[in-house]
Amino acid sequence: MAVLGRWQRLRDVDQRVAREVRQLLVGTLFASPSSLAAGALTGSMISAIIGLSSHDHVLIYLGAAISLVGAVRVAAAMAYRDTNEEERNARAAVWERFYEFGAWSFAALLGLMTYLTITREPNFQLHMLAATTTTGYAAGISGRNAGRPAIAIGQLSLAAAPLTIALAQGGNLACWTLAFANVLFILAMLEITLQTYRVVLKAMTAAHSQAQLAQRFERLAQIDSLTGLRNRFALKSNLDRLLELGGGADSASLLWIDLDRFKEVNDTLGHPVGDQLLRVVAERLQSVARTQDCLARFGGDEFVLLAAGVDRRAARALADRILGLFNTPLLIDGASLHVSVSIGIVTVPHAGLDAEILLKYADMALYHAKAMGRNSSCEFEPAMQHKLMQMRETEQSLRLAIERHELELYYQPILNLGSSQVTCCEALIRWHHPTRGLVSPVEFIPLAERTGQIADITAWVLTEACRAAKTWPNDIRVAVNISPMLLKRADLLQSVMSALIASGLPAQQLELEITETVFMDDSEQSNTMLKALRRIGARLVLDDFGTGYSSLAYLHKYAFDKIKIDSSFVRNIEENRTARAIVNAVVSLARTLEVETVAEGVETASQLDQVRELGCAGVQGFFLSMPIPAAELAVLLDQGVVVPAKRAPMLRLARNAS
Ligand code: C2E
Ligand code: MG
Ligand code: MG
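The structure reproduced in this document is the subject of the present report. These numbers were taken from a predicted model, which means no experiment stands behind them.

**Details of the coordination of the magnesium ion (ligand 3)**
Logical step 1: Looking at the magnesium ion (ligand 3), the protein donor atoms are Asp 543 (OD), Asp 544 (OD), Glu 600 (OE) and Glu 600 (OE), and they sit 2.0 to 2.6 Å from it.
Logical step 2: For the magnesium ion (ligand 3), the single-chain donor residues occur in sequence as D-D-x55-E.
Logical step 3: Between the magnesium ion (ligand 3) and the magnesium ion (ligand 2), both coordinated by Asp 543, there is a metal-metal distance of 3.9 Å. Of this pair, Asp 544 sits in strand S14 (residues 539-545) while Glu 600 sits in the loop between strand S16 (596-599) and helix H23 (605-614); the two residues are 56 residues apart in sequence, bridging distant segments of the chain.
Logical step 4: We classify Asp 544 as partly exposed; its relative accessible area is 22%.

Below is the structure:
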């Protein structure tokens, strides 16, 4: 009874076993076709011997049936071995039923043969042969098939019970004792089967849970938790796999995608908005990734797409599609945000390269895309390596430039044509690089803007420029260039106020020059910052007017005090009628808006005449003075140089540096 109860409990447990574990257990039935073949062969041989020795037709037929069933079972085991794992697992229940039917048939036939041999044949040796075969089979099978206990117990009972019945019918004490011993044997084997099953089940369940856990960890270790995309590790493994496979030329392309100005979003709108932005960007990028591609976030605002089977041409087209994804603003918290991306492209494989190098190349190409101006893509070219190294080196040394006192301000006077007085001097930064000599701001300011160092540099320029201007006559203003991106950062206002307070310079004496690219994204933040700067009394100047996003409507909206007409118009003013007409139009429109105009880049007397004729209020350029160090400017201002008459060269100091 106790055995039956335990059997019942185990059956319940067996019903609840995970599908994968059950599949493994079914696999144990077919695990060793050779042991199955040995059983079938022994059973067939013994039954053939008994059948042939006894000349009993029933036993002969039984022997034939045993051989046939045995052969079918061996064939089935071999078929199972040759079936692929997925198919086996999908049809595990069918395989199990089939095995069960074969096993029980074989056992029942063996049992029947033993029973008939003992009850119908007088030959004691045949009795022995039948009885030992059956008992051995029953003992072996209890262990072999314990993974599926119902099958094992069925086989045990069907094979050994007929022997017990035959012995019980023997009619003497020896037979009865043997029958009793056989019952005990069956019970003991049953117990052993159940016990073995429990141990096997426990081990397999544990192994399965462990495998599942490992699989889950592996999955988690490959996912970027913020966006749900793959992470750097997963992409690298994919790329490694692809490179291992070889894949021939142009087997895939890597696109390194980076959000433009993400740092500004994070700094000004806060990290939660930044995170949300990254999630929305991930969604957009996912819309171009196909199932065979791998899209990953590399941390921060960098995404990498490994596009399978995409050659150079297709990669360029894909990059264009990605850039196009950001033509429409992104909706974040109900507000729409204009974002653009830059993309570096490298096509896999460049023979003999590993994943790290390819990723580095894609990163280099991205760096170049950023340098070309954002919202663009760039393909990797070997020449980039040298240029990139130089840029990286410059970036590193620029970080130390302020503390090493390598930065200096030069000043270039701006002359008012009406009063013939210098009314303002523009502060222009110079970098004395320890090995490269004087580095132009055209080279390092964009770099500083990309790396965010521009904030510190501007704070330093403001402090220096205000301090210098405080020593000048108080009707001469100082103009400081402000990168448009800084208008989105709250700390700009603080830098301006600190510089004014520290120097004691009245705010009215400070001009802030902003290039007209500021209008490119007509953002609320820039607008607010410009208003705040005006409120503290600083004057706003629109620099390089005419080069980009010229709009006089914006001039009015942002209430600029001055526009500087870009040197490209002044340069062509003599021979190019269009340039002249543009300057003319700008000057007259500015006059109606009561905005002052300054012509930049005046290099010749004739250019000076022209802009004067057209009504420009002020001029700046090499014809008047190169940008000069603070000390030289002080001398110049001390001389109180004025412009006496038309065409006279002015403010010239004997120096050539710029
Ligand atoms: P910008 O603000 O338009 O400054 C005028 C540039 O034109 C200066 O170049 C000046 O040296 C040059 N220039 C002046 N007169 C003439 C002329 O007659 N002919 C020619 N060919 N050029 C003339 P620089 O100093 O190399 O500065 C280049 C740009 O770098 C500036 O253009 C400005 O956008 C930026 N920059 C300079 N200093 C700073 C700074 O402190 N902060 C920021 N954010 N940008 C700066
Ligand atoms: Mg300027
Ligand atoms: Mg300018």
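The discussion continues.
**Brief notes about the environment of Ile 165**
Logical step 1: Structurally, Ile 165 can be placed in helix H8 (residues 149-168).
Logical step 2: Given a relative accessible area of 45%, Ile 165 falls into the partly exposed group.
Logical step 3: Put simply, Ile 165 and Asn 182 are 17 residues apart on the chain and 9.6 Å apart in space, counted from C-alpha to C-alpha.

**Let's talk about the sheet that holds strand S1 (residues 230-231)**
Logical step 1: What the 6 strands build is an open sheet, ordered S1-S3-S4-S2-S7-S8; its pairing is mixed. Edge positions in the sheet fall to S1 and strand S8 (377-379), since each has one partner strand and no second.

**So, a nonpolar patch on the surface**
Logical step 1: A surface patch of nonpolar side chains, amounting to about 370 Å² of accessible area, comprises Phe 180, Val 183, Leu 184 and Leu 187.
Logical step 2: As for its position among the elements, Val 183 is in helix H9 (residues 173-220).
Logical step 3: Its relative accessible area of 36% is what places Val 183 among the partly exposed residues.

**Re the coordination of the magnesium ion (ligand 2)**
Logical step 1: Taken together, the protein donors to the magnesium ion (ligand 2) comprise Glu 426 (OE), Asn 481 (OD1), Glu 513 (OE) and Asp 543 (OD), at separations of 2.0 to 2.2 Å.
Logical step 2: For the magnesium ion (ligand 2), the donor residues sit on a single chain with the sequence spacing E-x54-N-x31-E-x29-D.

**Quick word on the packing of aromatic side chains**
Logical step 1: Going through the model one piece at a time under the given rule, you end up with 9 aromatic pairs.
Logical step 2: Each ring, one from Tyr 80 and one from Trp 95, has its centre 5.1 Å from the other, and the planes form 90 degrees; the classification is edge-to-face. Of this pair, Tyr 80 sits in helix H4 (residues 57-82) while Trp 95 sits in helix H6 (residues 92-120), and the two are 15 residues apart along the sequence.
Logical step 3: You can call Trp 95 buried: its relative accessible area is 16%.
Logical step 4: On the numbers, 5.4 Å between centres and 80 degrees between planes, the contact of Trp 431 with Phe 444 is edge-to-face. Placement of Trp 431 in strand S10 (residues 421-433) and of Phe 444 in helix H16 (residues 441-451) is noted, with a sequence separation of 13 residues between them.
Logical step 5: The class of Phe 444 is buried, set by a relative accessible area of 0%.
Logical step 6: Taken together, Phe 30, Tyr 80, Trp 95 and Tyr 99 form an aromatic cluster joined through their ring pairs.
Logical step 7: Positioned above the aromatic ring of Tyr 99 is the side chain of Arg 73, whose terminal nitrogen or guanidinium carbon lies 5.0 Å from the ring centre.

Procedures and definitions
- Residues numbered from 1 in each chain as written.
- Chains lettered and ligands numbered in written order.
- Predicted model: local features only at pLDDT ≥ 70, side-chain atom pairs only at ≥ 80, totals over all residues.
- Heavy atoms only, no water.
- Donors = N, O, S within 2.8 Å, 3.2 Å for Na, K, Ca; no water.
- Helix = DSSP H or I, 4+ residues; strand = E, 2+ residues; numbered from the N terminus.
- Buried < 20%, exposed > 50% of the residue type's maximum accessible area, 1.4 Å probe, protein only.
- Pairing = 2+ DSSP bridges.
- Patch = residues over 30% accessible without salt bridge, like charges linked within 9 Å, V, L, I, M, F, W, Y side chains within 5 Å.
- Areas by Shrake-Rupley, 256 points an atom, 1.4 Å probe, with all protein chains shown as cover.
- Salt bridge = Lys/Arg side-chain N within 4 Å of Asp/Glu carboxyl O.
- Phe/Tyr/Trp six-rings, centres within 6.5 Å; stacked < 30°, edge-to-face > 60°.
- Lys NZ or Arg CZ within 6 Å of the ring centre and 35° of its normal.

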